[in-house]
Amino acid sequence: MERAQTGLVNRAAACIALAWLLAAAGCAPGGPPVWRGPTGGPTVAEPGGAVRAFHLTAAPAMVELAAGTRVHAWAFDGSVPGPTLRVRQGDLVQVTLDNRLPVGTTLHWHGLELPNGQDGVPGITQDPVPPGATAVYSFVAGQAGTYWYHSHQHAVVQVDRGLYGALIVEPRGAAPAAVDQVLVLDEWPLGLERPSPAPAGSPDMAAYVTYTANGRTGRSIVPIRFQPGQRVRLRIVNAGYLTHLLHFRGLSVTIAEVGGRPVSGTTPTDAVLPLAASDRISVDFTAPAQPAWLMLADGLPPAEDVAVPLLPEAAAVPPPPSPARAGAALDLYGLQASALQPVWPPDAVPNRRFTLRLSEDFAPGPGPRDPAGVRYLVNGQAYPNVPLLTVRRGDFVEITLVNAGQYEHPIHVHGHSLQLLARDALPLPGALVVDTALVGPGSTLTVGFRADNSGWWMLHCHQLHHSLGGMMLLIDYEETRRLAQPGAGSMPE
Ligand code: C2O
Ligand code: CU
């Protein structure tokens, strides 16, 4: 057994060396091609933690967004969103991915700081899991909060088609609210009414015509139910590409988490809450005796599709209120982090500084492009030509994101948490910790992180059309520097 495994490893190494020469041909004559799965996962929980095993099957599925509106989705366990994985801080999480899609896929654990080999980025940390194969991911859930999982292989297509779900890490030693529910928001493009593969030329955002909450739209949305007086936590995950403005009607809420992580000292608010692509916000409230609603105040007509009834048990679903003019959105980046997870001590002095200038290029020419033909650049370059962001373990790294373009960019980092330091040169004293930093046009945002997780890590815009169009780069640790050799068919964007 041992010998056979060593042979397999050697063969895998030879295969990796040859993989990009032999491309799709595979390199094990007479045998199945060898591929690299996730590596470096822990095998024990933290003291007091449990082992939590999950099984996710990725497969094509016909999904009904509303009566009469059906799409050919790709789904985990047949539903979009996929199952919510709920664990406790310190648990060892083991997830078997069973790929029954017609193409390779991976699982990425958005927002969690995991060993690099568990990050699920094809061509960087593993090869795509081939059709018909399984892979096991294994990690300790170290951070409490609201996260999500999604495919990172050809993500612009696979996330679009529905390969995502929520991942909740309950804090050690705290009882959950009586009602604790997740709402995953998304938007769906025209074209998925037809079976896979999608027609050539993906649509741009104008083609996203159906907005969903937990995979349903309009009157088909399943209400959130409670008993009046109960403590309710609602965790909202944005799996789509647009920033949404959340508007609670008939209810004041207390903000419990921003960027998936706990905040402190907030008071009940009626304000509109902005939620960037890939980001999360959680709110707490005391269940009212009357129906209330969560609506979108984006001003986009289809956003009126999303009116989520928040209802006492057994109450009939009333017609939704008409969209109201919402007030100004709350400035979430002015809130105060809970003291639980400081990333950047108050006296930290950055010893690496980077400036990333984000821009768009509408001129025709070579290079990666979004579906509308636009290139999205970092310091004038598109991935993979954006220079590596090289750090050394122990560094305090400061990154200034300068949005010199006309679109907003939700910039997401893998494997690390970012502390917000300053916006437009004014300090952000709230010390919020996030994994996605939303930078508006004309705005500058300075973030800091501690380089404490060696490996190769993506930093990219989570409007996945923008990452497809080039807005993506790699963070590289000096001491682990090596060439990441993409396996055949790897498509991280
Ligand atoms: Cu949601 Cu590169 O990740
Ligand atoms: Cu962007």
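Right above here is the structure, for reference.
The following refers to the structure shown. (Residues numbered from 1 in each chain as written. Chains lettered and ligands numbered in written order. Predicted model: local features only at pLDDT ≥ 70, side-chain atom pairs only at ≥ 80, totals over all residues. Heavy atoms only, no water.)

The next point concerns the overall build of the protein. Looking only at helices and strands, the protein features three helices and 32 strands. Sorting the 493 residues of the protein into buried and exposed places 55% on the buried side. Relative to all contacts within the protein whose residues are 6 or more apart in sequence, the contacts with residues 24 or more apart total 77%. (Helix = DSSP H or I, 4+ residues; strand = E, 2+ residues; numbered from the N terminus. Buried < 20%, exposed > 50% of the residue type's maximum accessible area, 1.4 Å probe, protein only. Contact = heavy atoms within 4.5 Å.)

A few words on the sheet that holds strand S1 (residues 51-66). The four strands are arranged S2-S1-S4-S6 in an open sheet whose pairing can be described as mixed. Both outer strands of the open sheet, strand S2 (69-76) and strand S6 (134-140), are each paired with one neighbouring strand and no more. Between one strand axis and the next, the sheet turns through 25° on average, direction left out of account. Looking at chain direction, S1 and S2 are connected through eight bridges and run antiparallel. Its bridge partner lying in S2, Met-62 is registered against His-72. (Pairing = 2+ DSSP bridges. Axes fitted to C-alpha atoms, helices over the stretch in contact; angles between N-to-C directions.)

The copper ion (ligand 2) binds to the protein through His-409 (ND1), Cys-461 (SG) and His-466 (ND1), with metal-donor distances spanning 2.0 Å. Binding-site remark: the copper ion (ligand 2) is held by donors from one chain whose sequence spacing is H-x51-C-x4-H. As far as the burial class goes, Cys-461 and His-466 line up, both buried. (Donors = N, O, S within 2.8 Å, 3.2 Å for Na, K, Ca; no water.)

Here the focus is the pattern of salt bridges. Throughout the structure, instances matching the rule amount to 20 salt bridges. Linking Asp-435 and Arg-261 is a salt bridge whose minimum nitrogen-to-oxygen distance equals 2.5 Å. Here Asp-435 is found in the loop between strand S28 (433-434) and strand S29 (436-439), whereas its partner Arg-261 is found in strand S15 (residues 261-264), with 174 residues between them in sequence. Arg-261 carries the same exposure label as Asp-435, and that label is buried. (Salt bridge = Lys/Arg side-chain N within 4 Å of Asp/Glu carboxyl O.)

The final tally for this structure, using the stated rule, is ten aromatic pairs. When the centroid spacing of 5.9 Å and the interplanar angle of 55° are considered together, the rings of Tyr-208 and Tyr-241 count as tilted. Taken together, the residues Tyr-208 in strand S10 (residues 208-213) and Tyr-241 in the loop between strand S12 (231-238) and strand S13 (244-249) connect sequence positions 33 residues apart. Here Tyr-208 matches Tyr-241 in class, with each residue buried. For the ring pair Phe-362 and Tyr-407, a centre distance of 6.3 Å and an interplane angle of 70° mean the geometry is edge-to-face. On the criterion of sequence distance, the pair formed by Phe-362 in the loop between strand S21 (352-361) and strand S22 (375-378) and Tyr-407 in the loop between strand S24 (396-403) and strand S25 (409-413) is long-range, its members being 45 residues apart. Phe-362 gets classed as partly exposed once you look at its relative accessible area, which sits at 43%. On the accessibility criterion, Tyr-407 (32% relative accessible area) is partly exposed. Among the aromatic residues, those joined into a ring-pair cluster are Phe-76, Trp-109, Tyr-137, Phe-139 and Tyr-149. The ring of Trp-74 carries Arg-161 above its face, with NZ or CZ at 4.5 Å from the centroid. (Phe/Tyr/Trp six-rings, centres within 6.5 Å; stacked < 30°, edge-to-face > 60°. Lys NZ or Arg CZ within 6 Å of the ring centre and 35° of its normal.)

What follows covers the side chain of Thr-125. With respect to the helices, strands and loops of the structure, Thr-125 is situated in the loop between strand S5 (108-110) and S6. The exposure class assigned to Thr-125 is buried, which follows from its relative accessible area of 11%. From its side chain, Thr-125 meets the backbone nitrogen of Gly-120 in a polar contact 3.3 Å long. With residues near it in sequence (within four places) discarded, Thr-125 still touches Gly-37, Asn-116, Gly-117, Asp-119, Gly-120 and Trp-456. (Polar contact = N/O pair within 3.5 Å; in protein donor to acceptor, adjacent residues only side chain to side chain.)

Attention now goes to the sheet that holds S5. Strand order in the open sheet formed by four strands is S3-S8-S7-S5, and the pairing between neighbours is mixed. A strand with exactly one partner marks an edge of an open sheet, and here the two such strands are strand S3 (85-88) and S5. Across the sheet, the mean angle separating the axes of adjacent strands is 25° when strand polarity is ignored. The pairing of S5 with strand S7 (residues 145-150) spans three bridges and is antiparallel. Note that in S7 the partner of Trp-109 across the bridge is Tyr-149.

Our focus in this paragraph is the environment of Leu-473. When you line up the elements, Leu-473 lands in strand S32 (residues 472-477). Among residues more than four places away in sequence, those in contact with Leu-473 are Leu-356, Val-378, Tyr-383, Val-386, Leu-389, Trp-457, Met-458 and Leu-459.

Before going further, it helps to spend a moment on unusual backbone geometry. Residue Pro-81 is reached from Val-80 by a cis peptide bond, and omega for that bond is -5°. Mapped onto the secondary structure, Pro-81 falls in the loop between S2 and S3. The omega torsion of the bond from Tyr-383 to Pro-384 falls at 5°, within 30 degrees of zero and hence cis. With respect to the element layout, Pro-384 can be found in the loop between S22 and strand S23 (389-391). Positive phi outside glycine occurs at Asn-379, with the angle close to 50°.

Side chains of nonpolar character tend, in soluble globular proteins, to be buried together. Phe-248, Leu-310 and Ile-399 are the most contacted members of the largest nonpolar core, which totals 66 residues. What Leu-310 contacts, discounting residues up to four positions off in sequence, is Ile-224, Phe-226, Leu-234, Phe-248, Leu-251, Phe-285, Gln-290, Pro-291, Ala-292, Trp-293 and Leu-294. If you look at the next biggest cluster of nonpolar residues, it comprises 26 residues, including Trp-74, Phe-76, Tyr-147 and Tyr-149. (Core = buried A, V, L, I, M, F, W, Y, C linked by side-chain atoms within 4.5 Å.)

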